[in-house]
Amino acid sequence: MLKSKYCIVFLMVLIAVSCDSNRVFDQYKSIPNQWHKDSIVSFKVTPPDTINNYNLFVNLRNTNDYKYSNLYLVVELNYPNGKTLKDTLEYRMASPEGEFLGSGFTDIKENKLWYKGYEQPFVFNESGDYQVKVQHAMRKNGEINGVLHLEGITDVGFRIERDNTN
């Protein structure tokens, strides 16, 4: 009986993963305990081509220990030739009523946050390895120094999807 339950769960996961045909890259890295303001989460990405359009996302998992309604991130994209794009981004993490946004039925919410591709298509126009670096840039209102240890973020991910709007 127990063995058949595991088989059913395995098949459901397999079906869910195989239906994600737009996924090119999807990886998470765990944040142990708290996210230190100087801690950078990095991902090495080798895009499949230099001509097609892609959508890029920063993925986050947070718990109820997250104390803010928004999140500031610094995301850096390093090209193979040494060129660097650096963006400071703000994301809403909670509704005006205080409920966390994102998906999930437990106390962990998963957020898929747009990084590149939503305003104009993003093309990896150089062949080779790219590096994506993500760092939080949270500050409390009225304070100059950043939040030293950000609580409630359990995982940071990066995702690339094919843009099928053409």
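Thresholds, definitions, all that
Residues numbered from 1 in each chain as written. Predicted model: local features only at pLDDT ≥ 70, side-chain atom pairs only at ≥ 80, totals over all residues. Heavy atoms only, no water. Pairing = 2+ DSSP bridges. Helix = DSSP H or I, 4+ residues; strand = E, 2+ residues; numbered from the N terminus. Axes fitted to C-alpha atoms, helices over the stretch in contact; angles between N-to-C directions. 1 Å grid on protein atoms, 1.4 Å probe; cavity = no way out; pocket = protein on both sides within 12 Å on 5 of 7 lines; lining within 4 Å. Points joined across faces, edges and corners; volume = space filled by probe spheres on them. Nonpolar A, V, L, I, M, F, W, Y, C, P; charged D, E, K, R; others polar. Phe/Tyr/Trp six-rings, centres within 6.5 Å; stacked < 30°, edge-to-face > 60°. Buried < 20%, exposed > 50% of the residue type's maximum accessible area, 1.4 Å probe, protein only. Lys NZ or Arg CZ within 6 Å of the ring centre and 35° of its normal.

S.K.: Could you give me a rundown of the sheet that holds strand 8 (residues 130–136), with the residues and numbers involved?
M.R.: Pairing is antiparallel across the open sheet formed by 4 strands, whose spatial order is 3-8-5-6. Because the sheet does not close on itself, it has two edges, and the strands there are strand 3 (41–45) and strand 6 (84–92). The sheet shows a mean angle of 20° between the axes of neighbouring strands, taken without regard to direction. Of the pairings in the sheet, the one linking strand 5 (residues 70–78) to strand 8 comprises 6 bridges and is antiparallel in character. In the strand pairing of strand 8, V75 is matched with V134.

S.K.: Explain the layout of surface pockets residue by residue, including any values.
M.R.: For the largest pocket, the calculated volume is near 180 Å³. Along the walls of the largest pocket sit D87, L89, Y115, K116, G117, Y118, E119, Q120, P121 and F122, which together make up its complete lining. If you list the elements that add at least two residues to the lining of the largest pocket, you get strand 6 and strand 7 (109–116). Grouping the constituent residues of the lining of the largest pocket by class yields 5 nonpolar, 2 polar and 3 charged.

S.K.: An account of the packing of aromatic side chains is needed here, citing residue identities and associated values.
M.R.: Summed over all chains, the structure comprises 11 aromatic pairs. Arranged with centres 6.3 Å apart and planes meeting at 55°, the rings of Y66 and F100 form a pair that is tilted. Remark: F100 occurs in the loop between strand 6 and strand 7 and Y66 occurs in the loop between strand 4 (54–62) and strand 5; sequence separation between them is 34 residues. Between F124 and Y130, the aromatic rings sit 4.9 Å apart at their centres with planes inclined by 75°, giving edge-to-face as the arrangement. This pair shows no difference in class: F124 is buried, exactly as Y130 is. One aromatic cluster is present, built from ring pairs that chain together Y54, Y79, F122, F124 and Y130. The side chain of K29 reaches across the aromatic face of F43, ending 5.2 Å from its centre. The lysine or arginine in question, K116, covers the ring of Y115, its NZ or CZ lying 5.1 Å from the ring centre.

Without other data, these values stay purely geometric and don't point to any function.
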